[in-house]
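Reading the structure
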Amino acid sequence: MSVHLHWFLPTGGDGRTLVDRHAYTDGGVKRSRTAPVSGVRAPDIDYLTQIAKAAEQLGFEAVLTPTGTWCEDAWLTTVALAQHTERLKFLVAFRPGVISPVLAAQMAATYQRITRGRLLLNVVTGGDSTEQRRFGDHLDHDRRYARTDEFLSVVRGVWSGQPFDFDGEHYQVEGGLTALPPDPLPEIFFGGSSAAAGPVAARHTDVYLTWGEPPEQVKQKIDWIRGLAEKEGRTVRFGIRLHTISRDSSAEAWATANRLLDDLSPETVAAAQEALGRSESVGQQRMLALHGGSRDDLEISPNLWAGVGLVRGGAGTALVGSHSDVADRIEEYHALGVEHFVLSGYPHLEEAYWFGEGVIPDLAARGLLPRIPASPLLRPAVGGAPLLVAGGR
């Protein structure tokens, strides 16, 4: 079982600290390009193309795009970026409650043809009722997962290429059809830590995603989902969502983490924790429990730092350390059954290079990765003389 590495596209903005993006979005209400804040990078197509091209060159298989109010639409953004890349896949996040499942199946099929098979799907059921209501969705937490269950049943049904009928509580479809099914079928990624989420993952998911909890907690989740899937006669693979701070030495990496922490005022942390504490997401509550809102003891497991979660929702932990340290932790999660690693860092362009030039060769040397395409700099130059490449930084 090889490791599959994926990076992240910051379609809500990027920056050098954990709060820079908020300055760009102005609380998500207005965006000003005439008076940019120092160090804040707008998620325009030129910058996102830089990240996508870097991820492809460095050996990442795919990039995840988020979904929600404060970011660009994932479908439109990634299909544009597909025109600037050759092999990179796109893990497109979307909310099943705000789109017809038959239309989603058709969109996926079209996307596969346009990109020649580079689509992966990340189904986000949603854990924030306020956010859901912005999109016209008024179901409660558990009913959203019940609807996702039906949604994925319809999607897989119409991908068969034959007329498909479905009569459920949330969807009624007569003769649903994707005339030209996607080839290959996109893999479906899905996350959820609640009792309502588990059975949905077991019935429909190709890859179950968890946020970056300590290894023993991740193992408990894997055992839980694996057991539910076995009862359904299915096999589910597993992935994890983490940030990374990888440097040439452990001291450099932890200095970077501490600098990110120093940028956070007590008021900023308190406001973020209050907002995140209102989330209905069980996974989000598990993230908050890792640090309890305190700056103390943020290394909750070797090289696993919970500082990001002081102000960020969703994935709130980072692998911090030397390139070898980070590779050790990835190997540890892999031994538990984690196959897909969806990674990110601030800023996303620079951190992609730190990880790609430092950790990826280490993982390849351990036999955890398939062969990485050689950099153009390592190919023979015209005339036959090899280019000399300096050592790492």
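Fair warning: this is a prediction, and the values are worked out from it, not measured in the lab.

In terms of regular secondary structure, the protein is built from 13 helices and 13 strands. Out of the 393 residues in the protein, the part that is buried amounts to 54%. The long-range fraction of contacts in the protein, counting pairs at least 24 apart against all pairs at least 6 apart in sequence, stands at 73%. As presented, the protein carries roughly 17200 Å² of accessible surface, and 52% of it is formed by carbon and sulfur atoms.

So, on to helix H8 (residues 215-231). Compared with the 24 Å implied by 1.5 Å per residue over 17 residues, the 24 Å span of H8 between its first and last C-alpha is a close match. Buried within H8 we find Pro215, Val218, Lys221, Ile222, Ile225 and Ala229. For H8, the arc enclosing every buried residue in end-on projection is 120°, short of the 170-degree limit, so these residues lie on one face. Exposed residues pointing more than 90 degrees away from the buried face of H8 are listed as Gln220, Glu230 and Lys231. Immediately downstream of H8, the backbone of Gly233 shows phi near 70°, a positive value.

Glancing now at the confidence of the model for the protein. Chain-level statistics for the protein give a pLDDT mean of 89 and a share of 89% at 70 or above. Of the regions scoring below 50 in pLDDT, residues 23-35 engages in 24 contacts with residues more than four places distant in sequence or in other chains. In this model residues 375-393 is a low-confidence stretch, pLDDT under 50, and it forms 14 contacts with partners more than four residues away in sequence or in other chains.

Here the focus is the nonpolar core. In this structure, Leu5, Ile330, Tyr333, Phe341, Phe355 and Leu363 are the most contacted members of the largest nonpolar core, which totals 71 residues. Once residues lying within four places of it in the same chain are set aside, the contact partners of Tyr333 are Glu213, Pro214, Pro215, Val218, Ile240, Leu242, Leu304, Leu319, Val338 and Phe341. In this structure, Trp254, Leu310, Val320 and Tyr346 belong to the second largest nonpolar core, which totals 21 residues.

Bringing the packing of aromatic side chains into the picture now. In this structure the tally under the stated criterion is nine aromatic pairs. Ring geometry for Trp75 versus Tyr111: centroids 6.0 Å apart, planes at 70°, classification edge-to-face. Taken as a pair, Trp75 in helix H3 (residues 74-81) and Tyr111 in helix H4 (residues 101-115) lie far apart in primary sequence, 36 residues in all. Among the residues examined, Trp75 registers a relative accessible area of 11% and is labelled buried. Assessed through its relative accessible area of 3%, Tyr111 is described here as buried. When the centroid spacing of 6.1 Å and the interplanar angle of 80° are considered together, the rings of Tyr145 and Phe190 count as edge-to-face. With Tyr145 in helix H6 (residues 141-158) and Phe190 in strand E7 (residues 188-191), this pair connects stretches of sequence that are 45 residues apart. Judged on exposure class, the residue Tyr145 and its partner Phe190 are both buried.

Before going further, it helps to spend a moment on the environment of Ser322. Its location among the elements puts Ser322 in strand E12 (residues 318-322). On the basis of relative accessibility, which here comes to 11%, the residue Ser322 falls in the buried class. What Ser322 contacts, discounting residues up to four positions off in sequence, is Ser246, Arg247, Asp248, Ser249 and Ser250.

With that settled, consider the packing of helix H12 (residues 323-336) against helix H13 (residues 348-365). Running from N to C, H12 and H13 point in directions that differ by 60°, and their axes come no closer than 9 Å. Classed by the angle they form, the pair H12 and H13 counts as oblique. In this structure, H12 meets H13 at a crossing whose hand is right-handed. In this structure, H12 uses His323, Ser324, Val326, Ala327 and Ile330 to contact H13, whose residues at the interface are Trp354, Phe355, Gly358, Val359, Asp362 and Leu363.

Attention now goes to the pairing of E7. Direction of pairing for strand E4 (residues 119-123) relative to E7: parallel, over a ladder of three bridges. Paired with Val123 across the strands is Phe190, a residue of E7. Pairing of E7 with strand E8 (residues 207-211) involves three bridges; the strand directions are parallel. The residue of E8 that forms the bridge with Phe189 is Val207. Regarding the hand of the β-α-β motif, the stretch spanning E7, helix H7 (residues 197-204) and E8 is right-handed.

Okay, the pattern of salt bridges next. Within this structure, the stated rule accounts for 19 salt bridges. Here Glu169 and Arg143 are joined by a salt bridge, their closest N and O atoms 3.7 Å apart. Of the two residues, Glu169 is situated in the loop between strand E5 (164-167) and strand E6 (172-176) and Arg143 in helix H6; the sequence distance between them amounts to 26 residues. Residue Arg143 is classed as partly exposed on the basis of its relative accessible area, which comes to 37%. Between Asp206 and Arg156 there is a salt bridge, and its shortest N-O distance comes to 3.3 Å. Here Arg156 lies in helix H6 and Asp206 lies in the loop between H7 and E8, a separation of 50 residues in the sequence. One connected set of salt bridges, linked through shared partners, spans Asp328, Glu331, Asp362 and Arg366.

The subject of this paragraph is the side chain of Glu213. The topology assignment puts Glu213 in the loop between E8 and H8. The class of Glu213 is buried, set by a relative accessible area of 1%. Polar side-chain contacts of Glu213 include one of 3.4 Å to the side chain of Lys221. Not counting the four nearest positions on each side in its chain, Glu213 is found in contact with Val218, Lys221, Arg286, Met287, Leu304 and Tyr333.

The rules behind these values
Residues numbered from 1 in each chain as written. Predicted model: local features only at pLDDT ≥ 70, side-chain atom pairs only at ≥ 80, totals over all residues. Heavy atoms only, no water. Helix = DSSP H or I, 4+ residues; strand = E, 2+ residues; numbered from the N terminus. Buried < 20%, exposed > 50% of the residue type's maximum accessible area, 1.4 Å probe, protein only. Contact = heavy atoms within 4.5 Å. Areas by Shrake-Rupley, 256 points an atom, 1.4 Å probe, with all protein chains shown as cover. Expected span 1.5 Å × (residues − 1). Arc of directions from axis to C-beta. pLDDT = per-residue confidence, 0-100. Core = buried A, V, L, I, M, F, W, Y, C linked by side-chain atoms within 4.5 Å. Phe/Tyr/Trp six-rings, centres within 6.5 Å; stacked < 30°, edge-to-face > 60°. Axes fitted to C-alpha atoms, helices over the stretch in contact; angles between N-to-C directions. Parallel < 35°, antiparallel > 145°, perpendicular 65-115°, else oblique. Left-handed = near helix turned anticlockwise from the far one by under 90°. Pairing = 2+ DSSP bridges. Right-handed = clockwise from strand over helix to strand, strands pointing away. Salt bridge = Lys/Arg side-chain N within 4 Å of Asp/Glu carboxyl O. Polar contact = N/O pair within 3.5 Å; in protein donor to acceptor, adjacent residues only side chain to side chain.

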